[in-house]
Amino acid sequence: MKKILIPVLLSTIAFSTPSMAAHPMCGKTELAQIMDDMKDHMKAVKKAFKVGDMDKVSSIADQLLAAVDNSYDLVPLAISDKAELTADQKGDFANYQKGMKYLKGAIEELKAAKDMGAVKAALGKIGKSSKKGHKAFKMDCDA
Ligand code: HEM
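Not measured: the values here are computed from a predicted model. (Residues numbered from 1 in each chain as written. Predicted model: local features only at pLDDT ≥ 70, side-chain atom pairs only at ≥ 80, totals over all residues. Heavy atoms only, no water.)

### Quick look at the pattern of salt bridges
- According to the stated counting rule, one finds 4 salt bridges in the structure shown.
- Among the ionic pairs, Lys 111 bridges to Asp 62, the shortest N-O distance being 3.2 Å. Residue Lys 111 is located in helix H4 (residues 87-112), and its partner Asp 62 is located in helix H3 (residues 54-71); the two are separated by 49 residues in the primary sequence.
- With a relative accessible area of 34%, Lys 111 lands in the partly exposed category. (Salt bridge = Lys/Arg side-chain N within 4 Å of Asp/Glu carboxyl O. Helix = DSSP H or I, 4+ residues; strand = E, 2+ residues; numbered from the N terminus. Buried < 20%, exposed > 50% of the residue type's maximum accessible area, 1.4 Å probe, protein only.)

Right, here's the structure in full:
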């Protein structure tokens, strides 16, 4: 009896624990929507880069710049879901905006790039800023 009961109990525990989303708005905010669009722009810019279409790289850079401008004043959910921020949250938000400024600079470099080497360097900076920004400010929706 015991031999059967223990595995049954263990599997009941394993399968009954619901995976709770981190926040009901996780992945559904205005910022998340803009970020999703940026992901599509990045895909398109890498494609244009591969075929050496510099005009297209520049026009997509403009779309990315507009997205960054729209993201700048939006508070990441991981910092707060309220309009009023505490002093600590204000500090975190200032750091988020610093990350956005860095991203903006990298996209401006992308737009100004005159050769493939410069495009590659700018794309590297964009990738770095995104990795750093997500590590610090992006909530894990599956957590
Ligand atoms: C071109 C660069 C970037 C791309 C392509 C990108 C892409 C994404 C994607 C695909 C998501 C998930 C959206 C969803 O849940 O549906 C996301 C979320 C997020 N990203 Fe980015 N990201 C970039 C740069 C950054 C930077 C530089 C920061 C911070 C300084 C940042 C902060 C965030 C935050 C905070 C979220 C969660 C949104 C929320 O709080 O509601 N991202 N990003």
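Structure's up, so let's keep going.
### Notes on the nonpolar core
- Counting residues in each nonpolar core, the largest one holds 30 residues, and the members touching the most others are Ile 107, Leu 110, Leu 123 and Ile 126.
- Secondary structure elements with two or more residues in this core: helix H2 (30-50), H3, H4 and helix H5 (116-137).
- For Ile 126, the contacting residues outside a window of four places in its chain are Met 42, Leu 103, Ala 106, Ile 107 and Leu 110. (Core = buried A, V, L, I, M, F, W, Y, C linked by side-chain atoms within 4.5 Å. Contact = heavy atoms within 4.5 Å.)

### Overview of the packing of H2 against H3
- The geometry of H2 relative to H3 is characterised by a closest axis approach of 9 Å and an angle of 165 degrees between their N-to-C directions. As far as their axial angle goes, H3 and H2 are roughly antiparallel. Of the two possible hands of crossing, H2 and H3 adopt the one that is left-handed. Contact with H2, carried on its side by Leu 31, Ile 34, Met 38, His 41, Met 42, Ala 44, Val 45, Ala 48 and Phe 49, involves Lys 56, Val 57, Ile 60, Gln 63, Leu 64, Ala 67, Val 68, Asn 70 and Ser 71 of H3 and no other residues of that element. (Axes fitted to C-alpha atoms, helices over the stretch in contact; angles between N-to-C directions. Parallel < 35°, antiparallel > 145°, perpendicular 65-115°, else oblique. Left-handed = near helix turned anticlockwise from the far one by under 90°.)

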